[in-house]
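Descriptive analysis of the structure
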Amino acid sequence: MTSKLNTVGIIGLAAITSLAATPAFAAGTTAGTTITNTATVDYQVGGVAQGQQSASNNFTVDRKINLLVEEVGTVTTNVVPGQTNAVTTFQLTNSSNETLDFALVASQIAGGTAAHGGTDTFDVTNVRIYRDNIATGTVGSWDVGDTLLTGYVDELVVDTAIRLFVVADVPASLANNAVAGVTLRATAREGGTVGAQGAAITQTAGANTAGKDTVFADIAGVTGDAARDGSHSDNDDYTVQTATLTVAKSSRVISDPFNNTTNPKLIPGAVVEYCIAVANSGGVAATSVVINDAVPGQLTFVPGSILLGGTYTGTVPSGTCDFNGTAGGSYTAPNVTGTIATIAAGAAQTLVFRATVN
Amino acid sequence: MRKALFLLFAALLPGQALAANHVALANDVFVERVTTDAQGKQRILLEEPKVVVPGDRLVFVLNYRNAGAQPADKFVITNPLPAAVSFADAGDTRPLVSIDGGRGWGQLDQLTVALPDGTRRAAQPADVTHIRWAFSKPIPAGGSGKLMFRGVVK
């Protein structure tokens, strides 16, 4: 038999005030919590209130292991050859319902496409993992105040995200746009002991118990990191941005003692103008570019003839030198020397000087 | 007159001994799992709450029965929600709910929540703190029924 319910409500319909905000439970109820639900019955028999009846049930909230490793930002880290302490940034979030340790491994991808395109062609060295110190230094960026980790994050509380820096050194002699991919993988470990890495966690297999079981709930990470394995990972990469310099030398005859500047010939006494063009086809500017040229013994340098920072038409070395610039440089027999402060990526500059034929 | 005396006597007693056998209430909880088979059909399974993690949907089932010899009147079942469970719905059982810890009651769609800026918004299932079913008719002797509601583990 069924009973009709009073759908109007017998206690009153007055609008009810509640200022309590609904709390956010991203990771949820702490593992091991016992949830007890109790229902009570009030009733009357023959118009007389009877004793209240109640019934309860309870169950234990199990442990959900969930974590997220994310690269911060979606750009590669530009590095130059020989750079030390090149930084890639990751974020680790504990979305489990229990405080846990997280084992960390920073590994290098071997070949294949890196996180931001390009093919992995080299490995960085001296790879370290730092945890951002949010109390001192530059919060969110790597600095000397950050904590060097020894393979794990200790006691990361529920619903907390921390910033991790993978810091590495870049080998010298690398070509422009060379790429090194790195992977940061975090694996949940038992929490509870401060200052020591907890034991590995396994998912409760087979028949489950009424106590606290463990369920892996993480999503798949990079290739090879499956969903629901208690770990998560993400890729980032380093891209070499270096100056690639090309040098070309050209010359022209300015004048000779007989033809002067009209169709001059390379006879003794003729003035020859040399142009050393330096082009930068790399990704970043080259600075303090020192150009050195030894004047051949058959020539005599024309004092004060050095012009620096001139232009070049076309692509070095197939274009032509414009034989211009501003006075500068120095001559210490037999070398002509000039320093160009900056050659921007994709630009070319020249050093021009004159000499007479002996 | 004999009956009235009997009831008076009953009311003067501690009461529990008499009432204990009048109404039986059972309270069960299940985890609701939705699985999709190879044909894409969804199946809903109710499982024992062995593996329960935050986000799981729970079904609470209350079975009641009047085991006494007389009708049970003013029959009210009250169920405070466990702190770690967020109310979802109560099927078609249309319970009264409270969103302020049991002080005020009403249908969920008639309740509002004050916002800090002085306006009010409609109450949401997540605001519910208590559920109550108040029966308008007596439960006859031997009568029984079942109530349910759903919640989500926070």
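Residues numbered from 1 in each chain as written. Chains lettered and ligands numbered in written order. Predicted model: local features only at pLDDT ≥ 70, side-chain atom pairs only at ≥ 80, totals over all residues.

A count of helical and extended segments in chain B gives two helices and ten strands. Sequence-ordered secondary structure for chain B, helices as α and strands as β, is α-α-β-β-β-β-β-β-β-β-β-β. Scored against the burial criterion, the 154 residues of chain B give a buried share of 35%. The long-range share in chain B, meaning contacts at least 24 apart out of those at least 6 apart in sequence, stands at 73%. (Helix = DSSP H or I, 4+ residues; strand = E, 2+ residues; numbered from the N terminus. Buried ≥ 20, exposed ≤ 12 C-beta atoms within 10 Å, placed from the backbone. Contact = placed C-beta atoms within 7 Å.)

What follows is about the overall build of chain A. Summing up its helical and strand segments, chain A has zero helices and 26 strands in all. At 37 Å, chain A has a C-alpha radius of gyration far larger than the 21 Å of a compact globule built from 358 residues. Across its three principal directions, the C-alpha atoms of chain A cover 140 × 50 × 40 Å. The buried share of chain A, taken over its 358 residues, is 37%. Partitioning the intrachain contacts of chain A with sequence separation of at least 6 by distance along the chain shows that 71% fall at a separation of at least 24. (Rg over C-alpha atoms; globule rule 2.2 N^0.38 Å.)

Residue and element names in this part refer to chain A. Side-chain alternation along strand β5 (residues 67-71) places L67, V69 and E71 on a buried face and L68 and E70 on a face that remains uncovered. Two strands pair when backbone bridges link them, and β5 and strand β7 (residues 86-94) are joined in this way by five bridges, in the antiparallel orientation. Its bridge partner lying in β7, L67 is registered against N94. (Pairing = 2+ DSSP bridges.)

To continue, consider the sheet that holds strand β25 (residues 335-343) of chain A. All names here are of chain A. Judged by pairing direction, the sheet is antiparallel, and its three strands sit side by side in the order β18-β25-β24 without closing on themselves. Every other strand in the sheet has two partners, leaving β18 (286-294) and β24 (330-332) as the edge strands with one partner each. Strand-to-strand twist in this sheet, taken as the mean axis angle between neighbours without regard to direction, amounts to 25°. In this structure, β18 lies alongside β25, joined through eight bridges in antiparallel fashion. Of the residues in β25, the one forming a bridge with V290 is T339. (Axes fitted to C-alpha atoms, helices over the stretch in contact; angles between N-to-C directions.)

Our focus in this paragraph is the nonpolar core. All names here are of chain A. Ranked by internal contacts, the top residues of the largest apolar core, which has 80 residues, are L92, F102, V166 and L184. Among the elements that make up this core, the one with the highest residue count is strand β13 (residues 179-189) (six residues). Within the second largest apolar cluster, 25 residues are counted, among which are F301, V316, A348 and A355. (Core = buried A, V, L, I, M, F, W, Y, C linked by C-beta atoms within 7 Å.)

Residue and element names in this part refer to chain A. Looking at the element boundaries, G32 is found in the segment before β1 (34-45). Separated by 181 residues in the primary sequence, G32 and D213 place their C-alpha atoms 8.5 Å from one another. Setting aside residues no more than four positions away along its own chain, G32 makes contact with T60, V61 and K212.

One open sheet accounts for five strands, arranged β5-β7-β12-β9-β10 (chain A); its pairing is antiparallel. Two strands close off the open sheet at either side, each with one partner strand: β5 and β10 (147-148) of chain A.

Low-pLDDT portions of the prediction should not be read for the details of their coordinates. Within chain B, residue pLDDT values average 83, and 86% of them lie at 70 or more. Here the prediction assigns the complex a pTM of 0.71, and the interface score ipTM is 0.73. (pLDDT = per-residue confidence, 0-100.)

Residue and element names in this part refer to chain A. The residue R163 is located in strand β12 (residues 160-169) in this model. In this structure the C-alpha to C-alpha distance between R163 and V105, which are 58 residues apart in sequence, comes to 15 Å. Once residues lying within four places of it in the same chain are set aside, the contact partners of R163 are V72, T89, Q91, D132 and G140.

All names here are of chain A. Geometrically, the link from V316 to P317 is a cis peptide bond, its omega value of 5° lying close to zero. You can see P317 is positioned in the loop between β21 (312-313) and β22 (320-321). The peptide bond linking A333 to P334 adopts the cis configuration, its omega dihedral lying at 5°. In this fold, P334 is placed in the loop between β24 and β25. One non-glycine residue, E155, adopts positive backbone phi at about 50°.

Pairing of β7(A) with β12(A), which is carried by nine bridges, proceeds in the antiparallel orientation. Each residue of the ladder has a partner; that of A86(A), found in β12(A), is A168(A).

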